[in-house]
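Residue strings, one per chain:
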Amino acid sequence: MLIFDLILATRRPAMTGVERYGVNLFEAMRKLRPETMAFVRDASGFTDRRGLVEVSSLYGGWLGLPLLIRRRGLAPEAVICPTAPASPLFRADKTPLCRIVHDVFPWRRDRVMPWKGRLLYRDVETLMARRYDLLLGTTEPVAADLRAQIGREDIAACGNAPGVDPDGPECAPPGAPANFVLAVGTVEPRKDYGRLLQLVESAAADAPPIVLVGRPGWGDILGDIARLAAERPEKFVWLRDLAGDDGLRWLYRRAACFVSLSQAEGFNMPLVESAMSGRPVLCSDIAIHRAVAPPWARFAAASDGPDLLWRALGAAAAAAPSAQAVAAYRRLYGWDQIAARLLELLGAGAYSGRDAIGLSGDASCSFR
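Residues numbered from 1 in each chain as written. Predicted model: local features only at pLDDT ≥ 70, side-chain atom pairs only at ≥ 80, totals over all residues. Heavy atoms only, no water.

(A) Looking closely at the packing of aromatic side chains. According to the stated counting rule, one finds seven aromatic pairs in the structure shown. Between phenylalanine 4 and phenylalanine 26 the ring centres are 5.6 Å apart and the planes differ by 70°, which places this aromatic pair in the edge-to-face class. Residue phenylalanine 4 is located in strand β1 (residues 2-6), and its partner phenylalanine 26 is located in helix α1 (residues 17-32); the two are separated by 22 residues in the primary sequence. Pair check on accessibility: phenylalanine 4 and phenylalanine 26 agree, each one buried. Between tyrosine 329 and tyrosine 333 the ring centres are 5.6 Å apart and the planes differ by 70°, which places this aromatic pair in the edge-to-face class. Each member of the pair tyrosine 329 and tyrosine 333 is classed as buried. (Phe/Tyr/Trp six-rings, centres within 6.5 Å; stacked < 30°, edge-to-face > 60°. Helix = DSSP H or I, 4+ residues; strand = E, 2+ residues; numbered from the N terminus. Buried < 20%, exposed > 50% of the residue type's maximum accessible area, 1.4 Å probe, protein only.)

Put into structure tokens, the structure is as follows:
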């Protein structure tokens, strides 16, 4: 039996890309291993309730997960943590742990994070890094960053995929304009929304409005976004908590272009989702975008100002990809493949992290 820790990933109906990752990976794993279980705070985001165990307390449930597992008499082959670090109480527990990390942002840009984010995703993550039997990155660039950051050479990549099914139903979200440029992502500093606001402020009269879908995160940029959305609603629409995938699909299918100017990403799920919906893409020229962006994507340098960005957006929008190119891109990603890859890694005793760094553990053991 495998157990997924999805407690912190299911704290709210509207999920981030990382939270969607955990839910989608569990759903795919449940197809391969029907006995798979997940501990959750809210079960509303799942297709059904098979194998779900709801906890009454968010952080209490996350911290006390080893005790909850023991009280139920469960003996899992592994506890998988695909969205947040494992509870520190697992340090006194011999249950095999698998942690999937999405990027190294919490270590390299921790000064811009709120204290709760630093505590959980930097401090607890660092504390638990030597306890994980299997430590993975979602993509090879992330795995390479983790190997350099943490000093473990046994970190592999397990894969990533879109959280929103591009072929599902759609529904127009309230306030969405007819013709627009789309950006999607939590409002926080690494997304570099300051440059997005510069685009709005420099927009010509005939330029399309920019629609931003992203719940409030942290940082001073929040106030600037709220102010500009109130002052220039004809050029900037902020859809804070767009509930449900139907509205996102409507936006993905109709955007003139998708734009992401992020300084750092682990995968950038919205970028991939928009590309799988056949949208032109303009994105920042960072390593992960070079790895996951579609062949028709255009890249913006960090030094590009608003005028250059508007020209790049126009050029991208004028060169929509062919149906054949979109179909080929779609075949690159799938949750079933990621679940199978994870099972492969879980069954490989060579990935015993504790043995690799000299802690207690049997290098020959297998999770399966």
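(B) A look at the confidence of the model for the protein. Here the protein shows a mean pLDDT of 88. Residues at 70 or above account for 92%. Within the model, the stretch residues 349-368 combines pLDDT values under 50 with 40 contacts to residues more than four positions away or in other chains. (pLDDT = per-residue confidence, 0-100. Contact = heavy atoms within 4.5 Å.)

(C) Summary view of the pairing of strand β6 (residues 134-137). Side chains Leu134 and Leu136 of β6 all project onto a buried face; the interleaved residues Leu135 and Gly137 project onto the opposite face, where all are buried too. For strand β5 (residues 97-101) and β6, the ladder comprises four bridges, and the chain directions are parallel. By the bridge assignment, cysteine 98 is partnered in β6 with leucine 134. Across two bridges, the pairing between β6 and strand β7 (residues 156-157) is parallel. By the bridge assignment, glycine 137 is partnered in β7 with alanine 157. (Pairing = 2+ DSSP bridges.)

(D) Main features of the layout of surface pockets. The computed volume of the second largest pocket comes to approximately 230 Å³. As for the second largest pocket, its lining consists of 14 residues, of which Val104, Arg108, Asp145, Ala264 and Glu265 are closest to the centre. Those elements that place two or more of their residues in the lining of the second largest pocket are α4 (105-108), α6 (140-150) and α11 (287-292). The greatest single-element share of the lining of the second largest pocket, amounting to three residues, is contributed by α6. When the residues that make up the lining of the second largest pocket are grouped by side-chain class, the tally is eight nonpolar, one polar and five charged. (1 Å grid on protein atoms, 1.4 Å probe; cavity = no way out; pocket = protein on both sides within 12 Å on 5 of 7 lines; lining within 4 Å. Points joined across faces, edges and corners; volume = space filled by probe spheres on them. Nonpolar A, V, L, I, M, F, W, Y, C, P; charged D, E, K, R; others polar.)

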